[in-house]
Amino acid sequence: LVRAAAGPDAPLAAWRRYLAFPGAATADEGERRLYPLVGGRLAGQSLSAAEEAPIKAQRRAATVRQAVLFDAAARIDDLLRPAGVTPVFLKGLALQIRVFRERAIPACSDVDIFVAPNALAPCLRTVEAAGWTRVEAWPRTGDPQVMARVLTQANYRMPNRVMVDIHWMPRAVM
């Protein structure tokens, strides 16, 4: 699969070898995220309907996921700004907005935001009051001061099931 997506092999031959592998029918999310990259390398080549079906399905899924995540981003912004918290969107969603624009990217599966460390407490109070559920079990406390000392991010699930990673520890640009 990697050879079909980005490797030195001829992409069509590599894709066909991948599809012939018994595990291809039960590909996990990580594998399926590479399908649009394969599709880009196979543009203009003759594919059978069966060879093209997984790529088309993943492109459709990425398009739907993009719409869900954009809606979630708007809801996050609408929720946090009145509480005095300015979220900065990071990673996949930020790339989608700034680089890829209208084209759905396969790698975006959650929303990552950065909040200033001094805005962590109101941020967490606000999202928990809105029914968000913290995903990780450690530390057991929800005290923002304790969390800020032992974590660099917290993972939450919105009521609509979208996963949100809230980061508050700035990192140096690489």
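Let me sum up the structure you'll find in this document. Computed from a prediction, not measured in an experiment: that's the story for all the values here.

This part covers the sheet that holds strand β3 (residues 133-134). The strand order β1-β2-β5-β4-β3 describes an open sheet built from 5 strands, whose pairing is mixed. Each edge of the sheet is formed by a strand with only one pairing partner; in this case those strands are β1 (88-90) and β3. Two elements, β1 and strand β2 (residues 111-114), share 3 bridges in a ladder whose sense is antiparallel. Along β2, the bridge assignment pairs Phe89 with Ile113. On the sheet, helix α5 (residues 49-80) packs against β1, β2 and β5 (163-167) and is oriented at approximately 30° with respect to β2.

As a further point, take the packing of helix α2 (residues 11-20) against α5. Between α2 and α5, the shortest axis-to-axis distance is 11 Å and the interhelical angle comes to 90°. What the angle tells us is that α2 and α5 run roughly perpendicular. In this structure, α2 contributes Trp15, Arg16 and Leu19 to the contact, and α5 contributes Glu51, Pro54 and Ile55. In the contact of α2 with α5, the residues fall into 4 nonpolar, no polar and 2 charged.

To continue, consider helix α7 (residues 120-129). For α7, the set of buried residues is Leu120, Pro122, Cys123, Leu124, Thr126 and Val127. On its buried side, α7 packs onto α5, α8 (144-150), β4 (153-157) and β5. Positive phi shows up at Gly131, right after α7, with a value of about 90°.

Using the criterion set out here, one finds 4 aromatic pairs in the structure. Ring centres of Trp15 and Tyr35 lie 5.1 Å apart, and the angle between their planes is 80°; this geometry places the pair in the edge-to-face category. Highlighted residues: Trp15 in helix α2 and Tyr35 in helix α4 (residues 35-41), separated in sequence by 20 residues. In this structure an aromatic cluster arises from ring pairing among Trp15, Tyr18 and Tyr35.

What follows is about the pattern of salt bridges. Summed over all chains, the structure comprises 10 salt bridges. For Arg32, the salt bridge is made with Glu29, and the minimal N-O distance between the two is 3.0 Å. Here Arg32 and its partner Glu29 are both found in helix α3 (residues 29-32), 3 residues apart, which amounts to about one turn of the helix. Here Asp77 ties to Arg81 by a salt bridge, and the two come within 2.6 Å at their closest N and O atoms. Classification of Arg81 as partly exposed rests on a relative accessible area of 43%. A single salt-bridge network, built from bridges that share partners, covers Glu29, Arg32, Arg33 and Arg65.

Conventions adopted
Residues numbered from 1 in each chain as written. Predicted model: local features only at pLDDT ≥ 70, side-chain atom pairs only at ≥ 80, totals over all residues. Heavy atoms only, no water. Pairing = 2+ DSSP bridges. Helix = DSSP H or I, 4+ residues; strand = E, 2+ residues; numbered from the N terminus. Contact = heavy atoms within 4.5 Å. Axes fitted to C-alpha atoms, helices over the stretch in contact; angles between N-to-C directions. Parallel < 35°, antiparallel > 145°, perpendicular 65-115°, else oblique. Nonpolar A, V, L, I, M, F, W, Y, C, P; charged D, E, K, R; others polar. Buried < 20%, exposed > 50% of the residue type's maximum accessible area, 1.4 Å probe, protein only. Phe/Tyr/Trp six-rings, centres within 6.5 Å; stacked < 30°, edge-to-face > 60°. Salt bridge = Lys/Arg side-chain N within 4 Å of Asp/Glu carboxyl O.

Distances and angles like these do not, on their own, reveal function.
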